[in-house]
Amino acid sequence: MHGITTKEQEGKKVYFKNIKIKTTNLKPSAFPADIYVVNFVPNYLTDYEKQHGWKLLFDGKNPSSWRSAKAATFPAQGWKTTDGTLTVLSSEGKEAANGGDIVTKEQYKAFDLSFEFKLSPGANSGVKYFVTLDEKTQGSAIGLEYQVLDDALHPDAKLGRDGNRTLASLYDLKKADKNPRFIHPIGEWNVGRIIVYPDNRVEHYLNGAKVLEYVRGSQEFRDLVAQSKYKVWPNFGEAAAGHILLQDHGNLVSFRSIKIKELK
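Residues numbered from 1 in each chain as written. Predicted model: local features only at pLDDT ≥ 70, side-chain atom pairs only at ≥ 80, totals over all residues. Heavy atoms only, no water.

Asker: How would you sum up the pattern of salt bridges? Please name residues and give values.
Answerer: One pass over the full model with this rule turns up twelve salt bridges. When the shortest N-O distance is used, the salt bridge between Asp-199 and Arg-201 registers 2.9 Å. Under the relative-accessibility criterion, Arg-201 is labelled partly exposed at 36%. Across the pair Glu-203 and Lys-210 runs a salt bridge whose closest N-O atoms are separated by 3.6 Å. Classification of Lys-210 by relative accessible area gives partly exposed; the value is 41%. Residues joined by salt bridges that share partners form a network here, namely Asp-156, Arg-165 and Asp-172. (Salt bridge = Lys/Arg side-chain N within 4 Å of Asp/Glu carboxyl O. Buried < 20%, exposed > 50% of the residue type's maximum accessible area, 1.4 Å probe, protein only.)

Asker: Can you tell me about the sheet that holds strand E7 (residues 124-131), naming the residues and giving the values?
Answerer: The five strands are arranged E2-E5-E12-E7-E8 in an open sheet whose pairing can be described as antiparallel. The open sheet terminates on both sides in strands that have one partner only, identified here as strand E2 (66-68) and strand E8 (144-149). Sheet twist, expressed as the mean angle between neighbouring strand axes with direction ignored, is 25°. For E7 and strand E12 (residues 243-246), the ladder comprises three bridges, and the chain directions are antiparallel. Directly across from Val-127, in E12, lies its bridge partner Leu-246. (Pairing = 2+ DSSP bridges. Helix = DSSP H or I, 4+ residues; strand = E, 2+ residues; numbered from the N terminus. Axes fitted to C-alpha atoms, helices over the stretch in contact; angles between N-to-C directions.)

Asker: Let's hear about the side chain of Ser-254: which residues, and what values?
Answerer: Among the structural elements, Ser-254 can be located in strand E13 (residues 253-262). At a separation of 2.7 Å, a polar atom in the side chain of Ser-254 contacts the side chain of Thr-87. Discounting chain neighbours no more than four positions away, the residues touching Ser-254 are Thr-85, Leu-86, Thr-87, Glu-116, Phe-117, Lys-118 and Trp-189. (Polar contact = N/O pair within 3.5 Å; in protein donor to acceptor, adjacent residues only side chain to side chain. Contact = heavy atoms within 4.5 Å.)

Asker: Mind laying out the environment of Ser-218, listing which residues take part and the relevant values?
Answerer: Among the secondary structure elements, Ser-218 is positioned in the loop between strand E11 (209-215) and helix H2 (219-226). Judged by relative accessible area, which is 21%, Ser-218 ranks as partly exposed. Along the backbone, Ser-218 and Leu-57 are 161 residues apart, and their C-alpha atoms lie at a distance of 30 Å. A polar side-chain atom of Ser-218 sits 2.8 Å from the main-chain carbonyl oxygen of Val-215. For Ser-218, the side chain forms a polar contact with the main-chain nitrogen of Phe-221, separated by 3.1 Å.

Asker: How would you explain the pairing of E8 if you had to name every residue and give the values?
Answerer: A large share of E8 lies buried, amounting to six of its six residues. Burial of the side chains of E8 extends over both faces: Leu-144, Tyr-146 and Val-148 are buried on one face and Glu-145, Gln-147 and Leu-149 on the other. Alignment of E7 against E8, held across six bridges, turns out to be antiparallel. Residue pairing for E8: Asn-124 is matched across the bridge by Leu-149.

Asker: Run through the packing of aromatic side chains, naming residues and quoting values.
Answerer: Overall, the coordinates contain nine aromatic pairs when judged by the stated rule. Residues Phe-111 and Phe-130 carry aromatic rings whose centres are separated by 6.0 Å and whose planes lie at 40° to one another, so their mutual orientation is tilted. In this pair, Phe-111 is assigned in strand E6 (residues 111-119) and Phe-130 in strand E7, connecting sequence segments 19 residues apart. The pair formed by Phe-111 and Phe-130 is uniform in burial state, with each residue classed as buried. Their ring planes at 40° and their centres at 6.1 Å tell us that Phe-115 and Phe-117 sit as a pair that is tilted. Accessibility classification places Phe-115 together with Phe-117 in one group, the buried group. Against the face of Tyr-205 rests Arg-193, its NZ or CZ located 5.1 Å from the ring centre. (Phe/Tyr/Trp six-rings, centres within 6.5 Å; stacked < 30°, edge-to-face > 60°. Lys NZ or Arg CZ within 6 Å of the ring centre and 35° of its normal.)

So, to be careful, I would describe these as geometric facts and stop short of saying anything about function.
So this is what it looks like as structure tokens:
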């Protein structure tokens, strides 16, 4: 009980659960290797993360792990690295019309990917995975997408089906089940996380909370694809390996602390 000082606080409730305590046979032990350690120091890996296979995909200075989705080099314009961030610049909302998408030079199969992103008002972007670049599209490259969006101001949030184009959703396929209190305001940093397990289970997280899960290649997944814009692409989202992609959708969006751990 923390005291009630105003009429508005009357009736407020606080709930607790999963309260545990151990008082005997106490011995120090290391965390299991698969424990995800929250680390809010930008573009930095702790000793624990290094020991357990995490690698930075952006060190805050040099985007050496990335290249253009349509060239072997990093875009000469449209992206900038400053103050520890990797930022796609605005081009008035024109998709892939300035610097274009960037992808990792490496391809990944099963992985745990963590990243921070900061949106400008009304912005749209995305983090895509299992991007093969085989489709040779004119706009953004094709891949499974963790949607990065200002739900309140960008019209895409109201398109698609049942909210499946909103923040942290599997774009155009499955809606993220988000509690508003876990969403940081526009202009502040949010933490996204995508886990792809070796058995093709996939999870999306937003600021520490799991917001959706699915299984690549399952009948449920294929049924979702059949109702989406991706139905024209054979075997969409089922590649054995692919690039990670940061999308240029023509809006100012910043990324940092992009790190990955390959799973086996």
